[in-house]
Amino acid sequence: DAGITQSPRYKITETGRQVTLMCHQTWSHSYMFWYRQDLGHGLRLIYYSAAADITDKGEVPDGYVVSRSKTENFPLTLESATRSQTSVYFCASSDTAGTRNTGELFFGEGSRLTVL
Amino acid sequence: AQSVTQLGSHVSVSEGALVLLRCNYSSSVPPYLFWYVQYPNQGLQLLLKYTSAATLVKGINGFEAEFKKSETSFHLTKPSAHMSDAAEYFCAVSGFGNNRLAFGKGNQVVVIP
(Lines give C-alpha, C1' and ligand atoms only; values in the text may rest on other atoms or scores of the structure.)
Protein backbone atom coordinates (compact mmCIF):
# COMPACT_ATOMS: atom_id res chain seq x y z
CA ASP A 1 0.00 0.00 0.00
CA ALA A 2 1.16 3.52 -0.70
CA GLY A 3 2.17 5.68 2.22
CA ILE A 4 4.65 5.85 5.02
CA THR A 5 5.07 2.93 7.39
CA GLN A 6 7.01 2.53 10.60
CA SER A 7 8.15 -0.60 12.37
CA PRO A 8 7.99 -1.80 14.99
CA ARG A 9 4.92 0.00 16.34
CA TYR A 10 5.81 -0.97 19.89
CA LYS A 11 9.18 -1.88 21.35
CA ILE A 12 10.43 -2.55 24.86
CA THR A 13 14.17 -2.72 25.39
CA GLU A 14 16.74 -2.41 28.13
CA THR A 15 19.25 0.29 28.89
CA GLY A 16 22.41 -0.08 26.82
CA ARG A 17 20.88 -2.10 23.99
CA GLN A 18 20.91 -1.02 20.39
CA VAL A 19 17.52 -0.39 18.81
CA THR A 20 16.64 0.43 15.22
CA LEU A 21 13.34 1.96 14.18
CA MET A 22 12.46 1.55 10.54
CA CYS A 23 10.69 3.98 8.24
CA HIS A 24 9.63 3.30 4.66
CA GLN A 25 7.76 5.57 2.24
CA THR A 26 6.38 4.77 -1.19
CA TRP A 27 5.91 8.30 -2.56
CA SER A 28 9.55 8.92 -3.55
CA HIS A 29 9.53 12.06 -1.41
CA SER A 30 13.00 13.52 -1.21
CA TYR A 31 12.80 14.77 2.39
CA MET A 32 12.41 12.50 5.39
CA PHE A 33 12.36 13.35 9.09
CA TRP A 34 12.46 11.75 12.52
CA TYR A 35 10.64 13.40 15.42
CA ARG A 36 10.15 12.39 19.01
CA GLN A 37 7.01 13.31 20.92
CA ASP A 38 7.07 13.77 24.68
CA LEU A 39 4.59 15.30 27.11
CA GLY A 40 5.29 18.96 27.59
CA HIS A 41 7.71 19.15 24.69
CA GLY A 42 5.50 18.58 21.69
CA LEU A 43 7.36 17.34 18.62
CA ARG A 44 11.12 17.70 18.47
CA LEU A 45 13.17 17.07 15.36
CA ILE A 46 15.93 14.49 15.78
CA TYR A 47 17.38 14.16 12.27
CA TYR A 48 16.29 14.86 8.75
CA SER A 49 17.41 13.95 5.27
CA ALA A 50 17.13 15.98 2.07
CA ALA A 51 17.93 13.04 -0.22
CA ALA A 52 19.70 9.69 -0.26
CA ASP A 53 23.09 9.94 1.45
CA ILE A 54 22.32 13.46 2.78
CA THR A 55 21.41 13.76 6.45
CA ASP A 56 21.53 16.53 9.01
CA LYS A 57 20.95 17.06 12.71
CA GLY A 58 17.79 18.50 14.16
CA GLU A 59 17.16 19.86 17.64
CA VAL A 60 17.88 16.71 19.68
CA PRO A 61 20.31 14.43 17.77
CA ASP A 62 22.45 13.16 20.67
CA GLY A 63 22.32 9.40 21.12
CA TYR A 64 20.81 8.77 17.69
CA VAL A 65 22.23 7.72 14.33
CA VAL A 66 20.52 7.77 10.94
CA SER A 67 21.33 6.60 7.45
CA ARG A 68 19.66 6.92 4.09
CA SER A 69 21.14 4.66 1.47
CA LYS A 70 17.85 4.50 -0.47
CA THR A 71 15.32 7.27 -1.01
CA GLU A 72 12.46 5.22 0.44
CA ASN A 73 14.09 4.16 3.72
CA PHE A 74 15.24 6.21 6.69
CA PRO A 75 16.13 4.07 9.72
CA LEU A 76 16.80 5.59 13.14
CA THR A 77 19.23 3.80 15.46
CA LEU A 78 19.69 4.25 19.16
CA GLU A 79 23.21 2.91 19.62
CA SER A 80 22.97 2.48 23.40
CA ALA A 81 19.44 3.14 24.61
CA THR A 82 18.85 5.22 27.73
CA ARG A 83 15.68 5.69 29.77
CA SER A 84 15.45 9.30 28.61
CA GLN A 85 14.92 7.96 25.10
CA THR A 86 11.60 6.42 26.11
CA SER A 87 9.25 8.23 23.76
CA VAL A 88 6.99 8.01 20.75
CA TYR A 89 8.95 8.37 17.52
CA PHE A 90 7.41 9.64 14.31
CA CYS A 91 8.81 9.41 10.84
CA ALA A 92 7.60 11.89 8.23
CA SER A 93 8.26 12.77 4.61
CA SER A 94 7.66 15.75 2.36
CA ASP A 95 7.56 16.48 -1.33
CA THR A 96 9.74 19.20 -2.81
CA ALA A 97 8.55 19.16 -6.40
CA GLY A 98 7.61 22.63 -7.72
CA THR A 99 4.50 24.18 -6.24
CA ARG A 100 4.09 21.28 -3.87
CA ASN A 101 7.11 22.52 -1.95
CA THR A 102 5.22 23.93 1.01
CA GLY A 103 6.90 21.90 3.70
CA GLU A 104 3.74 19.86 4.33
CA LEU A 105 4.65 16.69 6.19
CA PHE A 106 3.13 13.24 5.87
CA PHE A 107 3.47 11.21 9.04
CA GLY A 108 3.75 7.56 9.90
CA GLU A 109 1.70 5.99 12.69
CA GLY A 110 4.55 6.21 15.21
CA SER A 111 6.77 3.80 17.12
CA ARG A 112 6.33 3.69 20.87
CA LEU A 113 9.65 2.85 22.53
CA THR A 114 10.08 2.00 26.19
CA VAL A 115 13.58 1.71 27.63
CA LEU A 116 13.71 -0.09 30.98
CA ALA B 1 14.00 31.09 11.95
CA GLN B 2 10.35 30.20 12.28
CA SER B 3 8.53 29.48 15.54
CA VAL B 4 5.00 28.88 16.77
CA THR B 5 3.25 29.63 20.04
CA GLN B 6 0.18 27.71 21.16
CA LEU B 7 -1.14 28.74 24.55
CA GLY B 8 -3.05 26.48 26.92
CA SER B 9 -1.94 22.86 26.65
CA HIS B 10 -5.41 21.56 27.60
CA VAL B 11 -8.62 23.01 26.23
CA SER B 12 -12.05 21.87 27.42
CA VAL B 13 -15.10 22.60 25.30
CA SER B 14 -18.73 21.55 25.66
CA GLU B 15 -20.31 19.50 22.91
CA GLY B 16 -21.97 21.91 20.48
CA ALA B 17 -19.88 24.90 21.58
CA LEU B 18 -17.31 26.84 19.57
CA VAL B 19 -13.83 25.38 19.34
CA LEU B 20 -11.10 28.04 19.24
CA LEU B 21 -7.41 27.17 19.28
CA ARG B 22 -4.94 30.02 19.06
CA CYS B 23 -1.71 29.96 17.09
CA ASN B 24 0.76 32.81 16.71
CA TYR B 25 3.81 32.46 14.54
CA SER B 26 7.12 34.13 13.96
CA SER B 27 8.72 34.04 10.55
CA SER B 28 11.23 36.20 8.73
CA VAL B 29 9.88 35.12 5.33
CA PRO B 30 6.35 34.65 3.99
CA PRO B 31 5.09 31.62 5.88
CA TYR B 32 3.22 28.50 5.06
CA LEU B 33 1.02 27.52 8.01
CA PHE B 34 -0.51 24.22 8.98
CA TRP B 35 -2.82 22.67 11.53
CA TYR B 36 -2.41 18.97 12.22
CA VAL B 37 -4.63 16.72 14.32
CA GLN B 38 -3.51 13.65 16.24
CA TYR B 39 -6.03 11.11 17.47
CA PRO B 40 -5.02 8.70 20.26
CA ASN B 41 -2.32 6.23 19.23
CA GLN B 42 -2.14 7.61 15.73
CA GLY B 43 0.19 9.77 13.69
CA LEU B 44 -0.47 13.37 12.78
CA GLN B 45 -2.75 14.12 9.87
CA LEU B 46 -3.22 17.39 8.07
CA LEU B 47 -6.31 19.35 9.04
CA LEU B 48 -5.72 22.37 6.81
CA LYS B 49 -2.97 24.57 5.41
CA TYR B 50 -2.34 28.15 4.30
CA THR B 51 -0.05 28.54 1.31
CA SER B 52 -0.55 32.23 0.38
CA ALA B 53 -3.82 31.85 -1.49
CA ALA B 54 -7.10 32.64 0.35
CA THR B 55 -6.59 33.88 3.91
CA LEU B 56 -9.60 31.91 5.18
CA VAL B 57 -8.79 28.25 4.85
CA LYS B 58 -11.30 25.46 5.19
CA GLY B 59 -10.20 22.02 6.26
CA ILE B 60 -11.60 18.64 7.06
CA ASN B 61 -14.28 17.89 9.67
CA GLY B 62 -15.71 21.43 9.62
CA PHE B 63 -12.55 23.21 10.82
CA GLU B 64 -11.31 26.47 9.39
CA ALA B 65 -8.50 28.91 10.10
CA GLU B 66 -7.82 32.50 9.15
CA PHE B 67 -4.39 33.87 8.32
CA LYS B 68 -3.94 37.38 9.74
CA LYS B 69 -0.59 38.81 8.79
CA SER B 70 -1.00 41.96 10.92
CA GLU B 71 -1.55 39.80 14.01
CA THR B 72 0.86 37.00 12.96
CA SER B 73 -1.92 34.58 13.81
CA PHE B 74 -3.52 31.49 12.35
CA HIS B 75 -6.27 30.55 14.81
CA LEU B 76 -8.28 27.37 14.30
CA THR B 77 -12.05 27.34 14.78
CA LYS B 78 -15.02 25.04 14.50
CA PRO B 79 -18.54 26.37 15.17
CA SER B 80 -19.87 23.30 16.97
CA ALA B 81 -17.73 20.73 18.75
CA HIS B 82 -18.42 17.03 18.38
CA MET B 83 -17.23 14.28 20.68
CA SER B 84 -15.10 13.00 17.81
CA ASP B 85 -13.07 16.25 17.91
CA ALA B 86 -11.31 15.12 21.07
CA ALA B 87 -7.68 14.96 19.99
CA GLU B 88 -4.42 16.86 20.10
CA TYR B 89 -3.96 19.74 17.67
CA PHE B 90 -0.66 21.13 16.48
CA CYS B 91 0.05 24.36 14.65
CA ALA B 92 3.16 24.46 12.44
CA VAL B 93 4.98 26.99 10.26
CA SER B 94 7.52 26.74 7.47
CA GLY B 95 9.28 29.46 5.50
CA PHE B 96 9.08 29.76 1.73
CA GLY B 97 11.01 26.92 0.13
CA ASN B 98 11.97 25.58 3.54
CA ASN B 99 11.15 21.96 4.18
CA ARG B 100 11.52 22.13 7.94
CA LEU B 101 8.36 22.74 9.95
CA ALA B 102 8.44 24.35 13.38
CA PHE B 103 5.67 22.94 15.60
CA GLY B 104 3.85 24.40 18.54
CA LYS B 105 3.58 22.35 21.72
CA GLY B 106 0.04 21.31 20.93
CA ASN B 107 -3.45 21.68 22.42
CA GLN B 108 -5.16 18.65 23.94
CA VAL B 109 -8.87 19.17 23.30
CA VAL B 110 -11.39 17.52 25.61
CA VAL B 111 -15.05 17.59 24.61
CA ILE B 112 -17.53 17.54 27.48
CA PRO B 113 -20.92 15.95 26.79
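Structure shown above.
Residues numbered from 1 in each chain as written. Chains lettered and ligands numbered in written order. Predicted model: local features only at pLDDT ≥ 70, side-chain atom pairs only at ≥ 80, totals over all residues. Heavy atoms only, no water.

Moving on: the pairing of strand β9 (residues 87–94) of chain A. Residues and elements named next belong to chain A. Buried residues dominate β9, accounting for eight of its eight residues. Of the pairings in the sheet, the one linking strand β4 (residues 31–38) to β9 comprises seven bridges and is antiparallel in character. Each bridged residue has a counterpart across the sheet, and for Tyr31 the counterpart in β9 is Ser94. Of the strand pairs in this sheet, β9 and strand β10 (residues 106–107) are connected by two bridges, and their pairing is antiparallel. What sits directly across from Ser93, in β10, is Phe106. (Buried < 20%, exposed > 50% of the residue type's maximum accessible area, 1.4 Å probe, protein only. Helix = DSSP H or I, 4+ residues; strand = E, 2+ residues; numbered from the N terminus. Pairing = 2+ DSSP bridges.)

All names here are of chain B. A one-sided burial pattern is seen for strand β12 (residues 107–112), the buried positions being Asn107, Val109 and Val111 and the unburied ones Gln108, Val110 and Ile112. Direction of pairing for strand β2 (residues 10–14) relative to β12: parallel, over a ladder of five bridges. Paired with Ser12 across the strands is Val110, a residue of β12.

Our next topic: the packing of aromatic side chains. Under the counting rule described, the total for this entry stands at 17 aromatic pairs over all chains. On the basis of an interplanar angle of 20 degrees and a centroid distance of 6.1 Å, the ring pair of Phe33(A) and Tyr48(A) is categorised as stacked. With Phe33(A) in strand β4 and Tyr48(A) in strand β5 (residues 42–51), the pair connects residues that are 15 residues apart, well separated along the chain. We note that Phe33(A), like Tyr48(A), is buried. Between Tyr35(A) and Phe103(B), the ring centres sit 5.5 Å apart and the planes meet at 85 degrees, which makes this aromatic pair edge-to-face. Here Tyr35(A) is found in strand β4, whereas its partner Phe103(B) is found in strand β11 (residues 102–103) on a different chain. Neither residue differs from the other here; Tyr35(A) and Phe103(B) are each classed as buried. Three or more aromatic residues joined by ring pairs make a cluster, and in this case those are Tyr31(A), Phe33(A), Tyr35(A), Tyr48(A), Phe90(A), Phe107(A), Phe34(B), Tyr36(B), Phe90(B) and Phe103(B). (Phe/Tyr/Trp six-rings, centres within 6.5 Å; stacked < 30°, edge-to-face > 60°.)

Scanning all chains against the criterion turns up two disulfides over all chains. Paired through a disulfide, Cys23(A) and Cys91(A) show a sulfur-sulfur distance of 1.9 Å. The sign of the S-S torsion, about -75 degrees, decides the handedness of the disulfide formed by Cys23(A) and Cys91(A): left-handed. Separated by 68 residues along the polypeptide, Cys23(A) in strand β3 (residues 19–25) and Cys91(A) in strand β9 bring together distant segments of the chain. In terms of burial, Cys23(A) and Cys91(A) fall into one category: buried. Note on cysteine connectivity: Cys23(B) is disulfide-linked to Cys91(B), with sulfurs 2.0 Å apart. Taking the torsion about the S-S bond as the criterion, the Cys23(B) to Cys91(B) disulfide, at about -65 degrees, is left-handed. One end of the pair, Cys23(B), is in the loop between β3 (19–21) and β4 (24–26); the other, Cys91(B), is in strand β10 (residues 87–95), with 68 residues separating them in the sequence. (Disulfide = S-S within 2.5 Å.)

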